[in-house]
Amino acid sequence: MAARVSIARAARSLASSAAPPRQLRSSGLLCCGNGAAWQRSAMRAAALEKTSLRQELRRGFAASATAREKKYTEDHEWIELEASGKIGTLGITTYASSALGDVVFIELPELGLEVNAGDAIGAVESVKSASDILTPVGGTIVEANGALEDKPANVNRDPEGEAWIARIEVRDAKELDGLMGKEEYEKFTSE
Amino acid sequence: MASQRTARAVSPAANCFRLAPCRTYAQLARPAWARAARSSRPASSPLATCDAKPARITSVQNNSNYHKVVLRQSSSSATGEDEPPLKTPLFDLHAEYGAKFVPFGGYTMPVQYSDLSVSESHKWTREKASLFDVSHMVQHTFTGPTAPAFLQSITPSALSTLPPGSSTLSVLLHPTGCIVDDTVITHLPPSTAFPEPTFYTVTNAGTRAKDLAYLSSHLDVWNTERADGDSEQVIHTVARERGLLALQGPLAAEILSEAGLLTGEQGSEKLDLNTLYFSSCTLARMPLSGKGEGVTGALFVSRAGYTGEDGFELSIPADELAAVARRLLALGGEDRLRLAGLGARDSLRLEAGMCLYGHDIDDSTSPAEAGLAWVVAKERRFGGKEEGGFLGAERVLEEVKPKKEGGKGVSRRRIGLIVEGAPAREGAKIVGEGGEEVGVVTSGCPSPSTGKNIAMGYVKDGLQKSGTELGVLVRGKKRKAVVTKMPFVETKYYRKA
């Protein structure tokens, strides 16, 4: 139930009293419209079960060789480590950006923000929905893609390239091990 | 139901206009047990078409701030929570046009189509024309000489003076003065189909079970007070065999004129849309081809909508809904007319400052709080010709009475906001200068037409003045929010000059 805990944590660290946890949970990347919390919750519940199973299976397998591979989360974020293995670039996936529709606003994280895996570091908003961007790993935000503030629509054009969201100094690269590879993510989104 | 009398004889010529209660698409899409349950009731009972296991109002709680009605469902409801969602007769057409579906009000409804994004579709509606399938909404008729009096007992509208062919926005009221649902009430124009006064209303899909239970309980009392077979009784029919299309946008009238609607008792006169003004309604038939082969049954053509644009709502026999939709799409052509879904509908109505039931108004909101004092007709107010005499009148009338005349006012008010930075969504707290909570956002989105973040919500009385600077908390950060007069975008209704 790691993901659920981190959502609660996200609710504490980011939302303070502004938004009840229920809302944060329902404002995920694939939520449509005000009344569609159901969709997100159902997806997340399904994803949660898979996550814990996958993490169980992988524990104990060192993955340093594959750590630099682009990784994906069930929440439809991606992360890619630089050669040093210290800094990761993250963003939202093409699948998520097309499900969201036209992105009209991006909230970027502040530099120096210390986060844990699963924390909300910002948000992507389309006309119909607001979605939190959850960091797949813990660490410190070292850069945010300021260009998106003027051109949020870039997230629809090139979400896995030019429209990256933030760079994070990764606390523990092992946290990437629990994430999906490209093929696995493609399978996940086609299910 | 014992007192519900059987349907009155309708002249044969009127058959084309008749609202037959059986043989409906929605009925066919229901599970077998639901159909069985219905057929065990007398088919002529006005509520025979009411598929809900009625929600019963079990208690009405009062506290100092608001009134809340607690509803208990006797078992599964018709709002679709635990039943498979229904499909409108246009489901296949939606799928053909690449609809993305979402469950809404017990139905599977298109939220957008593959050709346009939500904001593109929104802008298209403001610049050209869009066709919305709103068949999930509940259409009713109330027939009989006392129909206006019955409706006046549950709404603050003046219906005995509403001219035939006219509509009014209204609200169904709880005894507490709070809103059961918002609705448009139309006095259908006289015809052989409706020889007696008939009022056509449209209510929300999401409140279907609650509304039908509410109407049935009040109608039961009304009709019980009038003897069986007495012509003073009111016949209520849920027109489930009718679908509803909304044709909206500046090109809507041009496209609908090209359809060459026919009117008159013989269906031989051409309908002149130039004389059909906003908030009026007429009966017409639509030729389904340019050659005049195939003409639809009776459509209720209302100049109305939920977008702030000029446009029409067309109530159409369900088995002709797809043919009418295809005819309009063909006439309009993709340069003028596109299908639009619930996504654009929501942002369009928000720009137009209109409430969405369950979000901006609900069972705890009174008309004055909701900024809907204007639905309380002059005739029904203190000193009016038909003062009071409706559910909740005591509270509603006190609240709409001007304060300078001793009216007690309200403690909160619905307002519009323009928010800087991040868009504020439903549930976001509205705060004052010192960060103290003064209200809550009930709807909000980035406005495709203005490029600003618009929202509506409730604030404490006294803070409703346009220009008042407040804050809204979005993801824990306070964003500047300015109280702004609604609509956010100028409405373009077709009114008499």
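Residues numbered from 1 in each chain as written. Chains lettered and ligands numbered in written order. Predicted model: local features only at pLDDT ≥ 70, side-chain atom pairs only at ≥ 80, totals over all residues. Heavy atoms only, no water.

Asks: Before we move on, can you summarise the UniProt feature "domain: Lipoyl-binding" (unreviewed entry) in chain A with the specific residues and values?
Replies: What UniProt calls "domain: Lipoyl-binding" (unreviewed entry) maps, in this numbering, to residues 87-169 of chain A. Secondary structure content for residues 87-169 of chain A is 18% helix and 42% strand, while the C-alpha to C-alpha distance between its ends is 5 Å. (UniProt positions renumbered as here; feature names shortened; annotations may be inferred. Helix = DSSP H or I, 4+ residues; strand = E, 2+ residues; numbered from the N terminus.)

Asks: Please set out the sheet that holds strand S6 (residues 138-143) of chain B residue by residue, giving values where relevant.
Replies: All names here are of chain B. Read from one edge of the open sheet, five strands run S7-S8-S9-S6-S10, paired in antiparallel fashion. At either margin of the open sheet sits one strand with a lone partner, and together these are strand S7 (166-173) and strand S10 (235-238). Strand-to-strand twist in this sheet, taken as the mean axis angle between neighbours without regard to direction, amounts to 25°. Sheet topology places S6 next to strand S9 (residues 198-203); six bridges connect them, and they run antiparallel. Each residue of the ladder has a partner; that of His140, found in S9, is Thr201. (Pairing = 2+ DSSP bridges. Axes fitted to C-alpha atoms, helices over the stretch in contact; angles between N-to-C directions.)

Asks: Account for the environment of Asn116(A), with residues named and values stated.
Replies: All names here are of chain A. By secondary structure assignment, the location of Asn116 is in the loop between strand S5 (114-115) and strand S6 (120-126). In this structure Asn116 comes out as partly exposed when scored by relative accessible area, which is 29%. When the C-alpha positions of Asn116 and Val137 are compared, they lie 6.3 Å apart, and in sequence the two are 21 residues distant. A polar atom in the side chain of Asn116 sits 3.0 Å from the side chain of Arg171. (Buried < 20%, exposed > 50% of the residue type's maximum accessible area, 1.4 Å probe, protein only. Polar contact = N/O pair within 3.5 Å; in protein donor to acceptor, adjacent residues only side chain to side chain.)

Asks: Tell me what's going on with the domain arrangement of chain B, and back it up with residues and numbers.
Replies: All names here are of chain B. Domain boundaries in chain B define domain 1 (1-365) and domain 2 (412-488). Tallying the contact residues gives 18 residues for domain 1 and 17 residues for domain 2. Buried surface at the junction of domain 1 and domain 2, both sides included, amounts to about 1,300 Å², of which 56% is carbon and sulfur. Three residues stand out in domain 1 for area buried against domain 2, namely Leu350, Glu351 and Asp360, and they jointly supply 45% of the buried area on that side. Across the contact surface, domain 1 and domain 2 share zero salt bridges. When residues of the side of domain 1 that touches domain 2 are traced back to their parent elements, those giving at least two are helix H4 (118-127) and helix H9 (342-351). Its residues assigned to classes, the side of domain 1 that touches domain 2 comprises five nonpolar, eight polar and five charged. (Domains from an automatic or database assignment. Contact = heavy atoms within 4.5 Å. Buried area = accessible area lost by both parts, 1.4 Å probe. Salt bridge = Lys/Arg side-chain N within 4 Å of Asp/Glu carboxyl O. Nonpolar A, V, L, I, M, F, W, Y, C, P; charged D, E, K, R; others polar.)

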